[in-house]
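Architecture and fold: a report
Single-letter residue listing:
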Amino acid sequence: MNPISKPLWQPTPEQVALASITRFTQEVESQWGRTFSDYRALHDWSVEQPEEFWISVWDFCGILAATRGKRVLERLSAVPGARFFPDARLNFARNLLHRRDDGLAICFRSEDRVERSLTYVELYLQVAEIARGLQNAGIEPGDRVCAYMPNMPETVIAMLATTAIGAIWSSCSPDFGVQGVLDRFGQIEPRILFSADGYHYNGKVHRVDDRVREIRDGLKSIRRTVLVPYIHAASPRLDGADVIEWSDYLAAQPSDDVPYVRVPFNHPLSVLFSSGTTGAPKCIVHRVGGVVLQTAKETLLHYDVRRGDRILFFTSTAWVVWNLHVCHLLAGGALLLYDGSPFYPGTGALFDYMEQARATHFGTSAKFIDAIKQAGIT
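First, a word on what this report is: a plain description of the structure on this page. (Residues numbered from 1 in each chain as written. Predicted model: local features only at pLDDT ≥ 70, side-chain atom pairs only at ≥ 80, totals over all residues. Heavy atoms only, no water.)

**Concerning helix α6 (residues 120–136)**
For α6, which comprises 17 residues, the first-to-last C-alpha distance of 24 Å matches the rise-based estimate of 24 Å (1.5 Å per residue) to within 8%. Tyr120, Leu123, Tyr124, Gln126, Val127, Ala128, Glu129, Ile130, Ala131, Gly133 and Leu134 are the residues of α6 that are buried. After α6 finishes, the residue Gly138 shows a positive phi value of roughly 90°. (Helix = DSSP H or I, 4+ residues; strand = E, 2+ residues; numbered from the N terminus. Expected span 1.5 Å × (residues − 1). Buried < 20%, exposed > 50% of the residue type's maximum accessible area, 1.4 Å probe, protein only.)

**What about the pairing of strand β10 (residues 198–201)?**
Bridging between β10 and strand β11 (residues 204–207) involves four bridges; their strand directions are antiparallel. Bridged to Gly198 within β11 is Arg207. In this structure, the hairpin formed by β10 and β11 is closed by a connection of two residues, where Asn202 is found at a positive phi of approximately 55°. (Pairing = 2+ DSSP bridges.)

**Digging into the environment of Pro86**
With respect to the helices, strands and loops of the structure, Pro86 is situated in the loop between β3 (83–84) and β4 (89–90). Taking the C-alpha atoms as reference, Pro86 lies 7.4 Å from Pro264; in sequence the two are 178 residues apart. Other than its neighbours up to four places away in sequence, Pro86 contacts Arg71, Val72 and Glu74. (Contact = heavy atoms within 4.5 Å.)

**What about the pattern of salt bridges?**
In this structure the tally under the stated criterion is 16 salt bridges. Notably, a salt bridge pairs Glu52 with Arg34, separated by 2.9 Å at the nearest N-O pair. Residue Glu52 is located in helix α4 (residues 50–61), and its partner Arg34 is located in the loop between α2 (20–32) and α3 (39–48); the two are separated by 18 residues in the primary sequence. Of the charged contacts, one joins Arg71 and Asp87 as a salt bridge, the two residues approaching to 2.5 Å between their closest N and O atoms. (Salt bridge = Lys/Arg side-chain N within 4 Å of Asp/Glu carboxyl O.)

**Concerning the environment of Phe351**
Tracing the sequence through the fold places Phe351 in helix α13 (residues 349–357). With residues near it in sequence (within four places) discarded, Phe351 still touches Phe368, Ile372 and Ile377.

**Observations regarding the packing of α2 against α4**
In contact at an axis separation of 11 Å, α2 and α4 are set at 120° when each is read in the N-to-C sense. Between α2 and α4, the angle falls in the class oblique. For the element pair α2 and α4, the recorded crossing hand is right-handed. Only Glu52, Phe53, Ile55, Ser56, Val57, Asp59 and Phe60 of α4 make contact with α2, whose side of the interface consists of Ser20, Arg23, Phe24, Glu27, Val28, Gln31 and Trp32. Tallied by class, the residues present in the contact of α2 with α4 amount to seven nonpolar, three polar and four charged. (Axes fitted to C-alpha atoms, helices over the stretch in contact; angles between N-to-C directions. Parallel < 35°, antiparallel > 145°, perpendicular 65-115°, else oblique. Left-handed = near helix turned anticlockwise from the far one by under 90°. Nonpolar A, V, L, I, M, F, W, Y, C, P; charged D, E, K, R; others polar.)

See the structure below:
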């Protein structure tokens, strides 16, 4: 392999001047009376003065909280065991739903079968209704809510509604087999299950009715299943007194306000799982404050996402990247969701979507990059 002799890309002076991290550096210098000669100096300060750094990130990113508290960091030398902002109380969904206007919040495409979008106000109102429905079903802070769902708007809505009331979210992609789902959700005893009736992939319709029945039978903790019509499968459909369709769930819980529950900084937000390739999948718990603060930093400073940007991360709901993608709402950008094969109906399907939806940011995997190389796409 020949070494790269020069950078593949570097920003222009104008781009550097307009970058959010440049403005962040200027504000930090003013706030703390410091001077940074270059990026390395800024990074060194962030490591050597973590309290100053995280206060500045909080302020710059406009984190919304009932209170931040005076304490920033406890037991810095204890890893694990260090605690950030131990007195803070905030809500994850509140920070993502700070816009309530007609700006684009979500644009969704499923191969050549489905295309629709939601504004920020439409997103807010649906989150409000699902959140009220969860509360009326007896879901309390700390309860688990799970989804067996594709990467679609209803999944984002259910996730925001769950976290709005302080409950804990976890999701699996509907291409998982029954045992793979039970190996994961069986560890956390969910009370509510959101499920689509199927999904599209490579031009084909895949039903999941039978799998969902087995999953419900295997998860005795589930008290209600919310069914999202996606492929609009004909009968037999899921049935039972505990099954309700998405539209009926919305209609039964009219609400104009999201019932935000402020929780401690270290309150559990979501449960993800290891791949399961070396034994049973292992739980990985992510916390409210850490996710809000870290993803705000990544979104605004690392990716330079601005209000109105359009972000496409090619991911399924079983991958941590899906959770990170939802967090781009923190910057007031729009989520471009894609479900299905990235090569259907043609090898350039995902790139066509990016062009038509005017994507400004694209996140993907090494596997996809290798696949387009093998397909000869330039």
